[in-house]
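Descriptive analysis of the structure
If you want the building blocks of each chain, they are given just below.
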Amino acid sequence: VQLQASGGGLVQAGGSLRLSCAASGGTFSSYVMGWFRQAPGKEREFVAAIPWSGQITSYADFVKGRFTISRDNAKNTVFLQLNSLKPEDTAVYYCAAKRGVLTSTRSVYPYWGQGTQVTVSS
């Protein structure tokens, strides 16, 4: 499956962005979709994930109700709504896909998009 992330940009602290990740080349509804992020000099870290049903979600602790992951299986797209953004949210955001169970473990996601830059100014 191929993944294409978009929607990043420059925003002031407290602002919002909506990231999108379009999938192609596979049966989108069979995949768990995840979002990860990587700040300069840091490891890539888990942000959120959602299974094919969309009925449950998983978030990193630092999200604390600010971000929302959702998916539209008819459009083969997963979204990440970023609200109340902070300068420490600045990173390249990546979408990823895997089959099987919902997980936050980065290493078990075999499919990755190219990333979209989110920059939050103070």
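Structure: above.
Since we're looking at a predicted model, the values are computed, not measured. (Residues numbered from 1 in each chain as written. Predicted model: local features only at pLDDT ≥ 70, side-chain atom pairs only at ≥ 80, totals over all residues. Heavy atoms only, no water.)

Describing the overall build of the chain
Summing up its helical and strand segments, the chain has zero helices and 11 strands in all. Here the chain holds 122 residues, and 43% of them are scored as buried. Across the chain, contacts joining residues at least 24 apart in sequence account for 57% of those joining residues at least 6 apart. The chain carries 12 positive and 6 negative side-chain charges, and their two centres are separated by 6 Å. (Helix = DSSP H or I, 4+ residues; strand = E, 2+ residues; numbered from the N terminus. Buried < 20%, exposed > 50% of the residue type's maximum accessible area, 1.4 Å probe, protein only. Contact = heavy atoms within 4.5 Å. Lys, Arg positive; Asp, Glu negative; His and termini not counted. Charge placed at Lys NZ, Arg CZ, Asp CG, Glu CD.)

Thoughts on the pairing of strand β3 (residues 17-24)
Examined bridge by bridge, strand β1 (residues 2-6) and β3 share five bridges and lie antiparallel to one another. Bridge assignment links L3 to a residue of β3, and that residue is A23. In terms of strand pairing, β3 meets strand β8 (residues 77-82) through six bridges, oriented antiparallel. Following the sheet pairing, L17 is matched in β8 by L82. (Pairing = 2+ DSSP bridges.)

These figures capture arrangement, not role.
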